[in-house]
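Chain by chain, the residues:
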Amino acid sequence: MATDDDVPEGKNMEARALVVGGGPAGLTTALALSAAGASVTLAAPPTAAASADGVRDPRTTALFGDSITLLENLGIWPRISSRVAPLVGLRLVDDTGGLFRAPEILFEAGEIGRETFGYNIENDVLNAALSAAIEETQGIDVIAEMIDGLDLAPDRVAARSAASTVWTGALVAAADGRNSLCRREAGISATPHPYAQHAIVCKFAHSRGHADVSTELHRRSGPLTTVPLPGQSSSLVWVETPDEAARLKALPDAAFAAELSSHLDGLLGRIEALTPRFTYPLSRMTADPLAQRRVALVGEAAHVIPPIGAQGLNLGFRDAAWLADAVETAIRAGRDLGDPITLAAYTASRKPDIRSRTAIIDILNRSLLADAAPFDLARAAGLGALQAIGPLRRLAMREGMGPNGPLPRLMRSSAIEKMAN
C-alpha cells in the first residue's frame, strides 16, 4: 500500500486518489483517474473467476456506445472484443395479460444510423480484462484488501484496512457497492427502497439463433429478458416474486428449461446447457449528495436500479468518466483532488442523469406491477406511440443509450491522448 513516503516522482498528496471496490465500476474508475493524471491506489480483494464451489458468475452486462468508447480509450476493448455479442435490436413484448395490451415493438440500431446499440459481455470476462490492465498500468498501486474505516479531515483523507495499513491522500472514489462503508463514513444518506421482486440470473444455449436481438417480455411480476451472447447462447434476467423466484431456482434444469421455453413461446427453440441459477433481490436507491468530505460515490455506492433497460453499469461507467474529468480539471488548475470545487463539479455532472434514469426505470417497473386498467392503458398508449411515431421512437433509442449533451473526455473518440498533457 502507498504511504506518504511512496508518492511517485512528480506527484504530491493533492494528486492522490484511493479507489475502493473491485467490481467493474471500481476497476474502471481506477484506470480513468490514472488516465486523468492522478496517482491511484486501488483497494479491493482479488476478483475471483469462480465461487468457492467452482461456479462462475453468471451475470452479463450490456454496454452501450459511450461505454464502449470509454473502454477503447482505456485500452480495454481490444482485450475483450472477441468475446462480446453485438446488440442490433431490442424487442419489447407486452406479456402482462392485461385488458389493454401494448403492441410488440422492435427497436433496430440501423434506424438511428448505428451498426449496434452496444455489446453484451460476461462480467467475469470484463473484470479479468480490467484487472489485467490495472496490473500493467504504472501509477496504480493495488491493495488486495478492503478498507474498514476512513479518517476525514478538511485537508486530507486517511484510510485504514483490517491489517492496520494506512493510506493518506486527497480523494476517495467509493465504488464499494450498495452497502458502501465509505458512503456511511462520509455521512452521506442513502435509503434503499426494496421491491417485492427477485431476479433469476443464468446463461443458456438454444437451438435457434437470437439474430443479435435482445427480447424483453413485460410481465405482471416484472420483465423477463434474454440478451445475446456469442454463438447460439444468451443470458437471462427473469424477474419474479421472491417465492416464485425461489421455486424456479430450485427446479431441475429440464423443468426450468421447459418453463422458460413456454414463456418465450419457442422464440429461441430448444433451451439447453443451463448454467447454475442465482437470485438477487431488487431495489432502488440514490445517494444524496453524491460527494462530500473528500468522498465521491461511484456505481452502486451512488445508485441502484432494477435491471430494466441495462442502465446500471452504463451509469457507473459515466460516473467514472465524469469523475476523471473533474479530477483532470483540478490537476490542471493546481488544486487538490478532493476540494469542494472538484466534488461540486462531479455532482453537477451526474445528478440529472442518475435522477432521470432512476425515475424512468422505477415508473416502468411499477407500471408492470400495477394490475389496473388505467396503468395498462397508459403503458399501451405510450408503447403504441413509440411504434407508430418514427421521430419519437428514434429519440427513445438515442436516450436509452445515454443522455444527450456534453460527454466526458474519456467518452469522446481518441480522447486518451489529450488527457493529462
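Note that this is a predicted model, so its numbers are computed, not measured.

## Some thoughts on the overall build of the chain
- The number of helices and strands found in the chain is 11 helices and 21 strands.
- Looking at the chain as a whole, 53% of its 421 residues qualify as buried.
- Sequence-distant contacts, at least 24 apart, represent 74% of the contacts inside the chain between residues at least 6 apart.
- Surface summary for the chain: the accessible area is close to 17400 Å², and the carbon and sulfur share equals 54%.

## A few points about the packing of aromatic side chains
- Under the criterion given, the structure shown has two aromatic pairs.
- On the numbers, 5.1 Å between centres and 55° between planes, the contact of Trp77 with Tyr119 is tilted. You can see Trp77 sitting in helix H3 (residues 77-80) and its partner Tyr119 sitting in strand E7 (residues 118-122), a full 42 residues away along the chain.
- Relative to Phe256, the ring of Trp238 has its centre 5.5 Å away and its plane inclined at 50°; by these criteria the two rings are tilted. With Trp238 in strand E16 (residues 233-240) and Phe256 in helix H7 (residues 253-264), the pair connects residues that are 18 residues apart, well separated along the chain. Take Trp238 and Phe256: they sit in the same class, and that class is buried.
- The side chain of Arg277 reaches across the aromatic face of Phe256, ending 4.3 Å from its centre.

## Overview of the pattern of salt bridges
- The tally for this structure, following the rule as stated, stands at 18 salt bridges.
- A salt bridge links Arg160 to Asp151; the shortest N-O distance between them is 3.1 Å.
- The class for Arg160 is partly exposed, based on a relative accessible area of 31%.
- The closest approach of N and O atoms between Arg332 and Glu328, which form a salt bridge, is 2.8 Å. Placement of the pair is Arg332 and Glu328 together in helix H8 (residues 312-333), with a separation of four residues, close to one helical turn.
- Exposure remark for Arg332: the relative accessible area of 49% places this residue in the partly exposed category.
- Here the salt bridges do not stand alone but share partners, grouping Arg318, Asp319, Arg350, Asp353 and Arg357 into one network.

## Regarding the sheet that holds strand E11 (residues 166-169)
- In spatial order, the strands read E9-E10-E11; together these three strands make up an open sheet with antiparallel pairing. At either end of the open sheet lies a strand with only one pairing partner, and these are strand E9 (147-153) and E11. Ignoring strand direction, the axes of neighbouring strands in this sheet form an average angle of 20°.
- Bridge analysis of strand E10 (residues 156-161) against E11 gives four bridges, and the strand direction is antiparallel. Counted as the bridge partner of Val157 is Gly169 from E11.

## Digging into the side chain of Glu216
- Structurally, the position occupied by Glu216 is in strand E14 (residues 213-219).
- Reaching out from Glu216, the side chain makes a polar contact with the side chain of His218 at a distance of 2.8 Å.

## Focus on the environment of Ala254
- In this structure, Ala254 sits in helix H7.
- A residue is classified by how much of its surface remains accessible, and Ala254, at 62% relative accessible area, is exposed.
- Ala254 sits 17 residues away from Ile271 along the chain, and the two C-alpha atoms are 8.7 Å apart.

## Focus: the pairing of strand E2 (residues 39-43)
- Counting buried positions along E2 gives five out of five residues, so the element sits mostly inside the fold.
- Residues of E2 alternate between two faces, with Ser39, Thr41 and Ala43 on one and Val40 and Leu42 on the opposite face, all of them buried.
- Here E2 pairs with strand E8 (residues 140-143) via four bridges, running parallel. Each bridged residue has a counterpart across the sheet, and for Ala43 the counterpart in E8 is Ile143.

## A short note on the packing of helix H1 (residues 24-35) against helix H4 (residues 123-136)
- Where H1 meets H4, the closest approach of the two axes is 10 Å, and the angle between their N-to-C directions is 30°. The orientation of H1 with respect to H4, classified from their angle, is roughly parallel. For the crossing formed where H1 meets H4, the hand is left-handed. In this structure, H1 contributes Pro24, Leu27, Thr28, Ala30 and Leu31 to the contact, and H4 contributes Leu126, Asn127, Leu130, Ser131, Ala133 and Ile134.
- Looking at the contact of H1 with H4 residue by residue, the class counts come to eight nonpolar, three polar and no charged.

## As for H8
- Taking 1.5 Å of rise per residue, 22 residues should cover 32 Å, and H8 covers 32 Å from first to last C-alpha, within 8% of that figure.
- Counting buried positions over the 22 residues of H8 gives 17, a clear majority of the element.
- Trailing H8 by a residue or two, Gly334 shows a phi angle of about 75°, which is positive.

## Notes on the pairing of strand E12 (residues 171-174)
- The alternating pattern of E12 places Leu171 and Ala173 and Val172 and Ala174 on opposite faces, both of which are buried.
- The pairing of strand E1 (residues 16-20) with E12 spans four bridges and is parallel. Within E12, the position partnered with Leu18 by the bridge is Val172.
- Examined bridge by bridge, E12 and strand E20 (residues 295-297) share three bridges and lie parallel to one another. Within the sheet, the bridge partner assigned to Ala174 lies in E20 and is Leu297.

The rules behind the values
- Residues numbered from 1 in each chain as written.
- Predicted model: local features only at pLDDT ≥ 70, side-chain atom pairs only at ≥ 80, totals over all residues.
- Heavy atoms only, no water.
- Helix = DSSP H or I, 4+ residues; strand = E, 2+ residues; numbered from the N terminus.
- Buried < 20%, exposed > 50% of the residue type's maximum accessible area, 1.4 Å probe, protein only.
- Contact = heavy atoms within 4.5 Å.
- Areas by Shrake-Rupley, 256 points an atom, 1.4 Å probe, with all protein chains shown as cover.
- Phe/Tyr/Trp six-rings, centres within 6.5 Å; stacked < 30°, edge-to-face > 60°.
- Lys NZ or Arg CZ within 6 Å of the ring centre and 35° of its normal.
- Salt bridge = Lys/Arg side-chain N within 4 Å of Asp/Glu carboxyl O.
- Pairing = 2+ DSSP bridges.
- Axes fitted to C-alpha atoms, helices over the stretch in contact; angles between N-to-C directions.
- Polar contact = N/O pair within 3.5 Å; in protein donor to acceptor, adjacent residues only side chain to side chain.
- Parallel < 35°, antiparallel > 145°, perpendicular 65-115°, else oblique.
- Left-handed = near helix turned anticlockwise from the far one by under 90°.
- Nonpolar A, V, L, I, M, F, W, Y, C, P; charged D, E, K, R; others polar.
- Expected span 1.5 Å × (residues − 1).

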